[in-house]
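Reading the structure
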Amino acid sequence: MSLSVVTRRQFISGLLISGAAGAGGSLLSGCGRTANTPLLSVARNRKGDYSIRIFSGEVFQQFTLPIPARAHGISLHPLGQTAVCHDRRPGRRMYVVDLETRSLIHTLSAEDNRHFFGHGVFSPDGDWLYTTENNYESGHGVIGVYNTVTWKREAELSSHGVGCHQLCLHPDGKTLVVANGGILTHPETPRKKLNLDTMFPSLSYVDRQTGELLEEQRFGHHQLSIRHLDVSPDGTVVFGAQYQGEKTDIHPLVGMHRRGESVQAMNGSDEHWLSLGQYVASVACFPDNQTAVITSPRGNIVQFWDLASRSLLRRFPVRDVAGIAVTGVNSAIVSNGLGELISYQRVGDDVSETSRIHYPDTSWDNHMISA
Amino acid sequence: MTGRKSLLSQCLCLGLCSVFLLSGCQPKPPSSELQLAESTTAVAQPLYNDLVVGLKEFHSSASSFCSAPSAGGLAGVQQQWHQSMLNWQSASVVNFGPVTMDSMAWKFQFWPDKKNLIHRKVESEIRRGSQSEAGWTPASIGKVSVVSRGFGAAEYLLFDPEAKEKIAEPVRCEYLQVVIQDMQRNAERLSRWWQQGEDRYPEELKALADAVPATEESYPQVSALLVSSLHTTLETAIRKLSMPLGKTDQHGNPYMSESWRSGYSLDNLRAVIASTRKLYEGGEGYGLDERLASVDEESRQLAEEISIAYDEVDKILASKPLENISLKDAVVDPERREVLSSLLFGISRIKNLFAGKVPDKLGIPLGFNSNDGD
């Protein structure tokens, strides 16, 4: 573990802004999300080394925890002291990070005939961790259930689909909302998609205790792979899709759903969808229940959507953009493969960029969270 | 680096040295990133200016034809479409900055059109507009799907026999003029953003050159923009060739050619390749080629390798088998298919250098999330 100082000038300026007395003092010291909330993401440096980074989006400080391979999503324990970083498919490791000591405390391995799909979520009391996994013998998506005291895998639920990717906890505390991407893969041909003609994605609501399928929704074309999602405090699920067909086929790539209602696509124009390059990488909802942010590294674009009108508020060009961390009621930071962190804030019906910093020798990976 | 460029650089260097010697002070020379920012602006400004001028002439020629239709007049409008399309192909290489702000590229060109959507959507828009009292205006066309706007829609109206046959001349003319006006307005917006001035893009580009301290760990942001832009454009150029060639089908897919209705696909490709080279070399100024050559001996050889690869591609594009023939016809001719395959190989070679060795040498992270996300 090391504290990387970006540049002397930037570091000093960071200390000045944070008012920290010593190196690293400003990170992880507060309660709740503030402008200087610590962020977590996986990153790669120029040498090709991967690490979990704990860092600031406002001041230039970071802690680096080396890991052997590229990972994907990060789940935060409700008490905020532990986070779990998930291997990306077809990886078989999960890393448990103690955020107080900023150290890796466990590395867990997938069960036989299972690999991770890259995401997880804790139960409201933090006693259980649910992870998306592939049963690659049967090809079905499963949800691994881990005891967070012993870190043993104690049960498995069906995801009720194929290629489950991201899952979130519904605000009712009982229901897991699962994006079943529908794409069949096998670790022997790790990045190959095996069922593009017959894929059948779904949005599933699963009882986290019984595994019962409570509700299932489909979204348009069968090749619209629902991959990433987030849930607003009021229960509105916003999801982003990755279309597996032609580059210029026009389909909405962002939709929303509330339990008991039908799925609705956002009110985007042809050009709004085309500009995403058929690919949404991350989705995040603001705590205001009114705003969703999505990123597309293939379209080099960030879009902000208004949930009441389902209309596009603003879009910003950002190269290789991917991660989104919500940092306040109406604000978020996005990250990109060029090491940039860009802050945005919604005020009324407008969204504006509020700050931008750069971490040298850093490619931020697909997902980012605030701790 | 071209001979002319070397000479210019030497003159500039001698001139600057004399000024410094005479004045007795030693001002800090501009960083290579700043020089790149300036040469990129010098390349981009005329490209967007040509786009504006070409579209103005295209509109004027369409207006004359529409007020007194004739076969000769139509040929003139078609020629103006061709010239404007070439201008767009050249300008589209600069795919960063203003053009990204409003997904503008889609408003100029919807491609590839594998399902012949342009035909369907233009006809449907014409039906809708013909039945409405308001018809079309430059403002209303802004709300129409990008499929029924831009160069693709104009090409359909001007070159497709079905459009000529099915759509009444006054309607075709009215819609065509609005489509051109829409592109003209967008081109003017882009061109304005590329002009010098406070809050204009050239200033932003210069700020980008200064944004990151030149430490060993930082990456050069203007170089990154250029490499990423060249890589993306060449990737698209490869698709423009590989789609009509087809992977294994010896007969090819002629209707996958970019401008199959007008038959100008190969000219488009020539314009794109020439423009990528101009952007890479910084026009007559300091280019990525010089930036690369200054890194180390291996990079200097890499810059030479790119230059040779471009020369070979230029040679194929200018070769006899590809003279006076459309890509649509060339892909179904066995001998020409071989030439096109060599061309595809040549462009892929340049693209691969911009995807691998060049970013490595310049320390640029390229496509971490876009090329291998999840």
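Per an unreviewed UniProt entry, chain B goes by Iron-regulated protein A and derives from Parendozoicomonas haliclonae. Its UniProt record, at the heading Subcellular location (unreviewed entry), says of chain B: "Cell envelope".

The name given to chain A in an unreviewed UniProt entry is DUF1513 domain-containing protein, with Parendozoicomonas haliclonae as the source organism.

A look at the overall build of chain A
Scanning chain A from terminus to terminus reveals two helices and 29 strands. Relative to the compact-globule value of 21 Å for 371 residues, chain A shows a C-alpha radius of gyration of 19 Å, a close match. In terms of overall dimensions, chain A has C-alpha extents of about 55 × 45 × 40 Å along its principal axes. Considering chain A as a whole, with its 371 residues, one finds that 62% of them fall into the buried category. When contacts within chain A are restricted to residue pairs at least 6 apart in sequence, long-range pairs at least 24 apart make up 50% of them. Counting only carbon and sulfur atoms, one obtains 48% of the accessible surface of chain A, whose full area is about 13,300 Å². When the 33 basic and 36 acidic side-chain charges of chain A are each reduced to a single mean position, those positions are 7 Å apart.

Considering the side chain of N186 of chain B
Relative to the assigned elements, N186 of chain B resides in helix α10 (residues 169–193). If sequence neighbours within four positions are ignored, N186 of chain B has contacts with M104, K107, F108 and R149 of chain B.

Here's the deal with the interface of chain A and chain B
Taken residue by residue, the interface counts 45 residues in chain A and 38 residues in chain B. The junction of chain A with chain B conceals about 3,400 Å² of combined surface from both sides, 47% of it contributed by carbon and sulfur atoms. Our enumeration of links across chain A and chain B arrives at eleven salt bridges. Taken together, chain A and chain B are joined by 25 residue pairs in polar contact (both at pLDDT 80 or more). Every element with two or more residues in the side of chain A that touches chain B is listed here: α1 (8–18), β17 (224–231), α2 (270–274), β24 (311–317) and β29 (363–370) of chain A. Per element, the largest residue contribution to the side of chain A that touches chain B is four residues, and it comes from β29 of chain A.

Digging into the sheet that holds strand β23 (residues 301–306) of chain A
Either a parallel or an antiparallel arrangement is found when strands of a sheet pair, and the pairing is made through backbone hydrogen bonds. All names here are of chain A. Strands sit in the order β21-β22-β23-β24 across an open sheet of four strands; the sheet is antiparallel. Edge positions in the open sheet fall to β21 (282–285) and β24, since each of these has one partner strand only. Strand-to-strand, the axes of this sheet are offset by a mean angle of 15°, without reference to chain direction. Where strand β22 (residues 291–296) and β23 come together, six bridges link them in antiparallel fashion. Each residue of the ladder has a partner; that of T291, found in β23, is D306.

Let's talk about the pairing of strand β3 (residues 50–56) of chain A
Residues and elements named next belong to chain A. Within β3, seven of the seven residues are buried, leaving the element largely enclosed by the surrounding structure. Residues Y50, I52, I54 and S56 of β3 are buried on one face, and the alternating residues S51, R53 and F55, pointing to the opposite face, are buried as well. Two elements, strand β2 (residues 38–44) and β3, share seven bridges in a ladder whose sense is antiparallel. Within the sheet, the bridge partner assigned to V42 lies in β3 and is I52. The antiparallel pairing of β2 with β3 creates a hairpin that spans five residues between the two strands, and G48 there sits at a positive phi of about 95°.

Concerning the packing of helix α13 (residues 265–281) of chain B against helix α15 (residues 297–317) of chain B
All names here are of chain B. In contact at an axis separation of 11 Å, α13 and α15 are set at 160° when each is read in the N-to-C sense. In terms of their interaxial angle, α13 and α15 are classed as roughly antiparallel. For the pair α13 and α15, the crossing hand works out as left-handed. In contact with L269, R270, I273, T276, R277 and Y280 of α13, α15 contributes A303, I306, S307, Y310, D311, V313, D314 and L317.

Describing the packing of aromatic side chains
For the coordinates displayed, the defined rule picks out 24 aromatic pairs over all chains. Judged by centre distance (5.4 Å) and plane angle (70°), the rings of Y359 of chain A and W364 of chain A are edge-to-face. W364 of chain A shares its class with Y359 of chain A; the two are buried. Pairing Y48 of chain B with W194 of chain B gives two aromatic rings, centres 6.2 Å apart and planes at 15°, and the pair type is stacked. With a gap of 146 residues between them, Y48 of chain B in helix α2 (residues 32–67) and W194 of chain B in the loop between α10 and α11 (201–211) connect regions that are remote in the sequence. Taking the relative accessible area as the measure of exposure, Y48 of chain B reaches 0% and is therefore buried. In textbook terms, an aromatic cluster arises when at least three aromatic residues are bridged by ring pairs, as seen for F55, F60, Y359 and W364 of chain A. Over the ring of F63 of chain A we find R102 of chain A; its NZ or CZ atom is 4.3 Å from the centre of that ring. Its guanidinium or amino end placed over the ring of W111 of chain B, K240 of chain B lies 5.9 Å from that ring's centre, counting from NZ or CZ.

Digging into the nonpolar core
Residues F108, L340, L343 and I347 of chain B are the most contacted members of the largest nonpolar core, which totals 107 residues. The element best represented in this core is α2 of chain B, accounting for 14 residues. When sequence neighbours within four positions are dropped, the list of residues in contact with F108 of chain B reads L51, L55, W88, G150, F151, M183, N186, A187 and L190 of chain B. Listed in part, the 31 residues of the second largest apolar core include V231, V254, M266 and I294 of chain A.

Side note on unusual backbone geometry
At the junction of R89 of chain A and P90 of chain A, the peptide bond is cis and its omega measures out at 0° in the coordinates. For P90 of chain A, the position within the fold is in the loop between β6 (82–87) and β7 (93–98). Unlike most non-glycine residues, N116 of chain B shows phi in positive territory, near 55°.

Focus on the pattern of salt bridges
Residue and element names in this part refer to chain B. Under the criterion given, the structure shown has 48 salt bridges over all chains. Note that K166 is salt-bridged to E123, the shortest N-O span being 3.5 Å. With a gap of 43 residues between them, K166 in helix α9 (residues 161–166) and E123 in helix α6 (residues 117–131) connect regions that are remote in the sequence. Assessed through its relative accessible area of 12%, E123 is described here as buried. Between E281 and R277 there is a salt bridge, and its shortest N-O distance comes to 3.1 Å. With E281 and R277 both in helix α13 and four residues apart, this pair spans about one turn of that helix. Exposure class is identical for E281 and R277. Each is buried.

Procedures and definitions
- Residues numbered from 1 in each chain as written.
- Chains lettered and ligands numbered in written order.
- Predicted model: local features only at pLDDT ≥ 70, side-chain atom pairs only at ≥ 80, totals over all residues.
- Heavy atoms only, no water.
- UniProt positions renumbered as here; feature names shortened; annotations may be inferred.
- Helix = DSSP H or I, 4+ residues; strand = E, 2+ residues; numbered from the N terminus.
- Rg over C-alpha atoms; globule rule 2.2 N^0.38 Å.
- Buried < 20%, exposed > 50% of the residue type's maximum accessible area, 1.4 Å probe, protein only.
- Contact = heavy atoms within 4.5 Å.
- Areas by Shrake-Rupley, 256 points an atom, 1.4 Å probe, with all protein chains shown as cover.
- Lys, Arg positive; Asp, Glu negative; His and termini not counted.
- Charge placed at Lys NZ, Arg CZ, Asp CG, Glu CD.
- Buried area = accessible area lost by both parts, 1.4 Å probe.
- Salt bridge = Lys/Arg side-chain N within 4 Å of Asp/Glu carboxyl O.
- Polar contact = N/O pair within 3.5 Å; in protein donor to acceptor, adjacent residues only side chain to side chain.
- Pairing = 2+ DSSP bridges.
- Axes fitted to C-alpha atoms, helices over the stretch in contact; angles between N-to-C directions.
- Parallel < 35°, antiparallel > 145°, perpendicular 65-115°, else oblique.
- Left-handed = near helix turned anticlockwise from the far one by under 90°.
- Phe/Tyr/Trp six-rings, centres within 6.5 Å; stacked < 30°, edge-to-face > 60°.
- Lys NZ or Arg CZ within 6 Å of the ring centre and 35° of its normal.
- Core = buried A, V, L, I, M, F, W, Y, C linked by side-chain atoms within 4.5 Å.

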